[in-house]
Amino acid sequence: MEEMWNDAEVSKEWIDAGEMKGQKVHLSRDPDGQAFLTQTEMKAVAGIVARRHFLSQIDPDMICATSELESDRQPLAMRYNKKTKDTTVGIMQVLPKTAEWLVRENGYQTYQIEGNLELLHKPFINVYFGAAYLKWLSSYDGKDRNEEFVVRAYRGGPKKANHKSTLDYWRRYLLVKQSLPSRRRMFENHSSVPNDPAPAVHVPQNKGEWRYWDSRASSEDMEELWKDSDVLREWTKSGEQRGKVRFSHDPEKRPYLSRPELRTALSALAEVNGKRFVDGIGSHTGIMGIDYEKAVWLHRELGYKAYKIDSVEDLLNPFASMYFAAAYLVWLNKYEGRERSPQFVIQAYLGGPEIVKLQETGPLWLKLEQALSYHEDPKSLREQGGSCIIL
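This is a predicted model, so every value here is computed, not measured.

Participant: Is there a simple way to think about the overall build of the chain in this case?
Facilitator: Counting secondary structure elements, the chain contains 18 helices and 8 strands. Here the chain, with 391 residues, has 48% of them falling under the buried criterion. Put simply, 53% of the contacts in the chain that link residues at least 6 apart link residues at least 24 apart. Total accessible area computed for the chain in this model is approximately 20600 Å², and 50% of it derives from carbon and sulfur atoms.

Participant: Sorry if this is basic, but what is going on with the nonpolar core here?
Facilitator: In a soluble, globular protein the nonpolar side chains are often hidden away together inside. Core analysis: the biggest nonpolar cluster contains 50 residues, and Ile63, Ile113 and Phe129 have the highest contact counts within it. Of all the elements in the fold, those that place two or more residues in this core are α1 (2-6), α2 (8-16), α3 (39-53), α4 (60-71), α5 (96-106), α6 (123-138), α7 (147-156) and α8 (167-179). At 9 residues, α6 tops the list of elements feeding residues into this core. If we skip the residues at most four places from it in the chain, Phe129 touches Val94, Ala99, Leu102, Val103, Tyr108, Tyr111, Ile113 and Leu120. Counting 24 residues, the second-largest nonpolar core is a separate cluster that includes Ile287, Ile309, Leu315 and Leu350.

Participant: In this structure, what is going on with the pattern of salt bridges? I would like to understand it.
Facilitator: Charged atoms that come close allow side chains of opposite charge to pair. Summed over the entire model, instances satisfying the criterion amount to 22 salt bridges. For Glu70, the salt bridge goes to Arg79, with nearest N and O atoms at 2.8 Å. The partly exposed category is assigned to Arg79, whose relative accessible area is 32%. In this structure, the salt-bridge partner of Glu114 is Arg104, at a minimum N-O distance of 3.9 Å. Of this pair, Glu114 sits in the loop between α5 and α6 while Arg104 sits in helix α5, and the two are 10 residues apart along the sequence. By relative accessible area, Glu114 is classed as partly exposed at 44%. Given the relative accessible area of 49%, Arg104 is considered partly exposed. Salt bridges sharing common partners tie together Glu3, Arg51 and Arg52.

Participant: What is the right way to look at the packing of α3 against α4 in this model?
Facilitator: A pair of packed helices can be characterised by two numbers: the angle between their axes and the separation between those axes. Where α3 contacts α4, the two axes come as close as 8 Å, and the packing angle between them is 135°. Considering the angle they form, α3 stands oblique to α4. As α3 packs across α4, the resulting crossing turns out to be right-handed. Counting all contacts with α3, which are made through Gln39, Met42, Lys43, Ala46, Gly47 and Ala50, the residues of α4 involved are Pro60, Ile63, Cys64, Ser67 and Glu68. Residues belonging to the contact of α3 with α4 are distributed by class as follows: 6 nonpolar, 3 polar and 2 charged.

Participant: Any chance you could explain unusual backbone geometry here in plain terms?
Facilitator: Most peptide bonds are trans, and most residues other than glycine sit at a negative phi. Its identity is not glycine, yet Arg73 carries a phi of approximately 65°, on the positive side. In this fold, Arg73 is placed in the loop between α4 and β3 (78-81). Residues other than glycine seldom take positive phi values, yet Glu336 does so here, at roughly 55°. Take Glu336: its relative accessible area is 58%, and that puts it in the exposed class.

Participant: Is there a simple way to think about the side chain of Thr166 in this case?
Facilitator: Its location among the elements puts Thr166 in the loop between α7 and α8. Assessed through its relative accessible area of 2%, Thr166 is described here as buried. Within the local environment of Thr166, its side chain forms a polar contact with the backbone oxygen of His163, the two atoms lying 3.1 Å apart. Sequence-distant contacts of Thr166, defined by excluding residues within four places in its chain, comprise Arg152, Gly156, Lys160 and Ala161.

Conventions adopted
Just so you know, the residues in each chain are numbered from 1, in the order the chain's sequence is written. Local features in this predicted model are restricted to residues whose pLDDT is 70 or higher, and side-chain atom pairs enter the listing and the counts only when it is 80 or higher, whereas totals over whole chains, interfaces and linings include all residues. Only heavy atoms go into the side-chain values, all of them from the structure, while hydrogens and water stay out. Note on conventions: DSSP H or I runs of at least 4 residues are helices, E runs of at least 2 residues are strands, and numbering of each starts at the N terminus. Whether a residue is buried, partly exposed or exposed follows from its accessible area with a 1.4 Å probe, protein chains only, as a fraction of its type maximum: under 20%, in between, or over 50%, in that order. Whether two residues touch is decided by their heavy atoms; if any such pair falls within 4.5 Å, the residues are in contact. In short, Shrake-Rupley with a 1.4 Å probe defines the accessible areas, and a residue's cover is counted only from the protein chains shown. We define a nonpolar core as any set of buried Ala, Val, Leu, Ile, Met, Phe, Trp, Tyr and Cys residues linked to one another through side-chain atoms lying within 4.5 Å. A carboxyl oxygen of Asp or Glu within 4 Å of a side-chain nitrogen of Lys or Arg is what we treat as a salt bridge. What counts as an axis is a line fitted to C-alpha atoms, over the stretch in contact for a helix, and the angles between N-to-C directions run from 0 to 180 degrees. Reported orientations rely on four angle classes, namely roughly parallel under 35 degrees, roughly antiparallel over 145, roughly perpendicular from 65 to 115, and oblique for the rest. Take the far helix as the reference: if the near one is turned anticlockwise from it by less than a right angle, the crossing is left-handed, and if turned clockwise, right-handed. Three categories are distinguished: nonpolar for Ala, Val, Leu, Ile, Met, Phe, Trp, Tyr, Cys and Pro, charged for Asp, Glu, Lys and Arg, and polar for the others, with Gly belonging to the last. By the criterion applied in these results, polar contacts are pairs of N or O atoms within 3.5 Å in which, for protein atoms, one can donate a hydrogen and the other can accept it, and in which residues neighboring in sequence qualify only through two side-chain atoms.

Okay, structure coming up:
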């Protein structure tokens, strides 16, 4: 409850409704008397659960959209399946035996629900197990799964992820996700992709040194950055000092890299996949949005050992994130022993090599070209035949 009150939007909504800190907060009720979470409350719960337990692994908007479809955000909702004779419960419509399996077999033991399944009606507990199942589906059968697979499998099970019976659910999910309040604000004020004021905006820090460049990069890497004339000019204007360089921050105080700091051939991918945020966006870890399991595989199996990769935290170093992203692009360039086109490589990076169909995934390439325009001269790119420089 303390974290909920600390959320500015939630506290405003609660105060406007007459709620008082230190006292019980009433759940909203629909015309039929059913309790539900407002969209503001649901956004906060999803964000808190994702931040606490699934750092950079689950997109809170995925949780919010799923809760909308599954239960209309009703914590007491229950749905009985005549075929399986199972009953799903709560905001995320979690199957009790699935929650017990996640505790017993997959180590999700923050909440001990065995013997007390009524706890699944509590929003934070239900969302925790719903998110855990989403996370499990994201690497089902040892493969890196895309968002469509995860969402459709959540509804119908992994075997129905590509079945026509779950297609309508996926389409409704996309519409719901697009209409979420956080998404509407994102497209209205473009705050999700920092626009780099000149010089970059830095805010006062009091939340720990992880917000500083020097805690995320080696002294050698920092020295190279200081030698870059554009970076030097930007840092000097914003009053940075050697040994204590602050990240730029967006209006929500999330650290990100300014374009001069990020000016490399990988910049456009960072723009598309991680929005240049140091911690990444949703399930996309770090500046390049490359996941931990993939980085570990590149490190252990393919010998990319310039940066250590002992935990997810290591990928929050922008240099490490870019290093493993570049390594993955090199591997994709020769995927299955064949020379691949730039379009294939980029779309495989963003969506997975197994599902690349150039006609269907063309929008990913268009997004990249748009991002490239932020960093390169479009004319020079056309003269290169539209190829991506790093390839």
